[in-house]
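# Architecture at a glance
This is what each chain is made of:
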Amino acid sequence: MEEYNSILWRKHEDLNKYAVATNVPVWLGGKKVIADRVVKTCCPHNCYDTCGELVYVKDEKVIKIEGDPEHPITKGHLCLKGCANVQKINSPDRVKYPMLRVGERGEGKFKRITWDEAMDWMVEKIQTITKKYGSEAIMEYCYSGNREHMAKVVAARLWNLMGATKLVGSFCLLSGATGSFYSVGSQYTMDPAIWSEHADTVFLVGRNCSATNPHIFPFLYRAKERGAKLIVVDPYTTGVASKADIHLRPRPGTDGAMCLGMMHWIIKNDLWDHDFVEKHTVGFDELVKLVEKWTPEYTEEITTIPKEQIIEVAQILATTNTQFETGYGQQRYSNGHQVQRALACLAGLCGSFGKETGNYNFISGMGFPGITGFAHQNNVVLPEGAEIKQTRMVNIAAVAEAIHKADNPPIKGVISYRGGLISQQPNVDYTIEAVKSLDMFVSIEQFMTDDTDYADLVLPACHYMEQYGLHPSYWHNYNQVLVPVCQPPYECVPDVEIFEELGRRLGYEKYFPRERTGLDYVRMLIGEECDVDAAVSPNGPVRNPEKWCPEIPYKDGQFDTPSGKLELFSAGMEERGKKFEGEYCPVPQFFEPAESIRATPELAKKYPLNVISQHPAFRTHSQYYNLPWIREIEGPARLFMSKADAAERGINDGDLVRIFNDRGELTNIVARVGIRVKPGVVEMSSGMWVKLGGSVNKLTGMYPAGPRDVLCEGGIMQEYHPLMDGNTGSYFNTLVDVQKM
């Protein structure tokens with residue numbers, strides 16, 4: 001049996017203070033077990049629901065997880081991912097101690113070392129790189145593997161003290177958030193318990209609720225029981241689309257064109273909400289001019305949605321009380337910011353703002369609390385008395401490009417945590433070459449992933465249930481602070497404590513006091529805005545303050561925009577476009593995705609199929625597939641294709657196929673032939689590890705969505721505003737072909 005070293009600087013607290021109950025009987029495998037304690041927490045794995053959880057612990061091991069029945073939205077129900085955290089946190093395959101590479105990058109050969117040796121190695125590497133190239137040659141890589149915000153802010157405290165390059169931007173939401181910001185300003189969401197009781201129509205766009213938002217279903221069913229219509233827009237037949245009264249299936253990347261066509265019909269037939277538009281919007285005349293050419297016939301030509309459906313849905317949206325529930329799928333294209341602008345403008349024409357009978361939901365500002373001001377980030381990232389210099393930034397949507405092209409100084413050291421750099425970035429092979437060029441690549445991980453195979457140093461990460469965290473939902477308006485439910489196993493260390501100790505050893509000891517806990521950092525972030533203790537187990541969850549999450553958003557008809565109104569024409573967007581390269585058109589014009597049958601017709605002759613990669617129901621991107629429960633249910637990597645496309649290629653359901661383009665190929669993928677996708681479209685789940693052979697990012701190109709063109713800057717920025725410049729990864733801008741193996 002392996003022995004594990006004690007870590008003198010790892011903090012230890014009595015966790016019974018967070019117990020909802022102690023000595024609780026629970027049945028496991030037909031046997032009665034007495035759990036030492038039950039603790040409340042929530043799941044921070046980057047889906048809308050942020051489920052409330054009750055975690056049963058015995059002998060500092062999680063033995064059972066169930067939904068918290070007191071949570072007003074998730075109401076005691078968990079998805080399979082939530083339940084599977086029992087396997088994840090107890091997996092024998094977890095990284096148990098620090099390991100140093102002894103083979104070539106990519107071979108996955110390591111030797112065990114102690115934490116002191118690991119810290120000494122990092123300090124020496126950082127100091128060597130800094131001395132040779134300067135402090136900006138060091139950079140973090142981090143995203144949403146554990147999406148909570150607090151540890152990232154503590155890490156930023158260290159990067160600021162060091163003068164490292166900062167990571168900015170997003171994979172999945174900031175293009176849409178930018179489009180929405182230029183339209184409505186501050187962003188809010190109305191709780192589903194309200195609209196499900198009052199809306200006549202629910203318009204669901206860009207969101208596969210079946211996989212990413214399952215707790216919306218009781219509210220959708222309630223609305224339908226009352227007689228409300230459900231209209232779903234998705235090129236793929238998802239579970240929620242199968243429940244729709246009307247399912248619109250646009251050609252991938254043309255949702256914005258669909259909105260323009262609907263607005264054309266609504267204006268032409270005088271169906272728009274005159275009172276709302278005249279009192280609460282600016283730019284109506286410019287919008288009228290924009291949509292003039294978008295007749296039902298032209299819209300059908302671009303989107304492939306039958307003109308009869310476009311007219312029917314436009315009529316419904318404009319003449320009934322409509323709840324707009326918009327998601328993030330439309331941001332997987334280079335035109336995503338303008339699609340969200342178009343959706344906000346369409347909602348405005350329909351008067352779907354400020355009413356319990358129908359509102360505009362995209363994302364709550366709680367999705368980025370440090371930007372909105374709910375989390376006072378400067379309390380943490382700017383240590384009092386420290387001299388913090390301005391440094392350059394790298395956009396996460398173009399990390400590989402930045403590593404390849406940065407100079408003065410080059411990027412030579414990356415510390416990666418909570419994100420799969422190799423598996424989740426587009427154009428995997430290009431990303432791997434970037435990683436190989438580094439002098440230092442550190443991966444803080446729970447399992448041996450693609451990233452760890454290429455790392456110089458692997459550090460054992462904690463599961464989210466073993467550390468503190470702050471993750472208010474970006475869909476509903478409730479918050480449960482994460483607390484450690486059990487002590488970390490093996491030699492695993494919470495992310496916060498890794499960065500604190502590294503900071504101390506780099507000479508910043510006074511800025512990382514040993515007595516400060518993760519909960520103390522949470523208080524520093526949000527303590528001025530709410531009662532933190534009310535959201536900490538055994539308490540919680542609590543509704544966020546009305547100031548940040550109004551019950552009926554936009555009820556007073558006021559918008560946090562320069563004009564104080566919904567901006568159909570955005571002068572601010574136009575002005576920003578004078579400063580930076582990109583697509584900053586002030587009205588929501590449609591343009592083709594960077595790679596499509598219309599934008600790149602010659603390429604489409606070679607690769608005629610558009611691959612889209614939905615989020616899988618049983619994984620969060622690259623997480624969970626290594627767990628037995630998940631692998632048994634999900635099975636091998638699959639490609640869904642239409643009967644027509646399969647017949648043309650001699651492919652039958654169950655055949656093994658090759659998917660390929662100029663960037664790469666995937667082989668031995670199981671073909672699933674049916675009606676889920678329309679001809680010209682194929683679908684493959686996102687996120688699978690590269691070394692398992694099913695990573696669709698072997699095929700995707702680097703086309704960051706707008707409005708700002710980050711590639712023309714090599715991914716490197718001196719100035720950036722997340723809600724003015726945006727950017728996401730345009731994973732669906734991808735043409736391929738398929739062959740039978």
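This report concerns the structure included in the present document. (Residues numbered from 1 in each chain as written. Predicted model: local features only at pLDDT ≥ 70, side-chain atom pairs only at ≥ 80, totals over all residues. Heavy atoms only, no water.)

## Some details on the pairing of strand β4 (residues 61-67)
This is how it is decided: Strands qualify as paired when DSSP identifies two bridges or more between them. Here a helix means four or more residues in a row that DSSP labels H or I, a strand means two or more in a row labelled E, and each is numbered from the N terminus.
Sheet topology places strand β3 (residues 52-58) next to β4; six bridges connect them, and they run antiparallel. Pairing of V57 across the sheet is with V62, part of β4. The loop that links β3 with its antiparallel partner β4 comprises two residues; one of these, D59, has a positive phi angle of about 50 degrees.

## Side note on unusual backbone geometry
Going from N408 to P409, the amide bond is cis rather than trans, its omega being 0 degrees. Considering the arrangement of structural elements, one finds P409 in the loop between α16 (399-405) and β16 (413-417). Along the chain, G706 connects to P707 via a cis peptide bond; the corresponding omega equals 10 degrees. Inspection of the secondary structure puts P707 in the loop between β26 (681-683) and β27 (716-717). Even without being a glycine, T50 presents a positive backbone phi close to 45 degrees. When you line up the elements, T50 lands in the loop between β2 (31-42) and β3.

## Topic: the packing of helix α4 (residues 174-184) against helix α13 (residues 336-349)
As a reminder of what qualifies: An axis is simply a line fitted to the C-alpha atoms; with a helix, the fit covers only the stretch in contact. Between two such axes, the angle follows the N-to-C directions and lies from 0 to 180 degrees. Angle categories are assigned with fixed cut-offs, so that under 35 degrees is roughly parallel, over 145 is roughly antiparallel, 65 to 115 is roughly perpendicular, and the rest are oblique. The sense of a crossing depends on the near helix, which, turned anticlockwise from the far helix by less than a right angle, makes the crossing left-handed and, turned clockwise, makes it right-handed. Between two residues, a contact is recorded if the distance between any of their heavy atoms is within 4.5 Å.
Closest axis-to-axis distance for the α4/α13 pair is 7 Å, and the angle between their directions is 40 degrees. Between α4 and α13, the crossing angle belongs to the class labelled oblique. Crossing of α4 against α13: the hand is right-handed. Contacts between α4 and α13 involve S175, G176, G179, S180, Y182 and S183 from the first element and G336, H337, Q340, R341 and A344 from the second.

## Remarks on the sheet that holds strand β11 (residues 246-248)
Strand order in this open sheet of five strands is β11-β10-β9-β13-β14, and the pairing throughout is parallel. Where the open sheet ends on each side, the last strands, each with one partner, are β11 and β14 (360-361). Judged from the three bridges that link them, strand β10 (residues 229-233) and β11 form a sheet pairing that is parallel. When the sheet's bridge partners are listed, I231 is paired in β11 with I246. Of the strands in this sheet, β9 (201-205), β10, β11 and β13 (322-326) are in contact with helix α12 (residues 307-319), which crosses β11 at around 120 degrees. Contacting β9, β13 and β14, α13 runs over the sheet at an angle of about 170 degrees to β13.

## Concerning the pairing of β16
The line we're drawing: Each residue's exposure class comes from its accessible area (1.4 Å probe, protein chains only) as a fraction of the maximum for that residue type: buried when under 20%, exposed when over 50%, partly exposed otherwise.
Counting buried residues in β16 gives five out of five residues, a clear majority hidden from the surface. Side chains G413, I415 and Y417 of β16 all project onto a buried face; the interleaved residues V414 and S416 project onto the opposite face, where all are buried too. In terms of strand pairing, strand β7 (residues 138-142) meets β16 through five bridges, oriented parallel. Counterpart to I138 in the pairing with β16 is G413. Bridge count between β16 and strand β17 (residues 440-445): five bridges; the pairing is parallel. Each bridged residue has a counterpart across the sheet, and for I415 the counterpart in β17 is V442.

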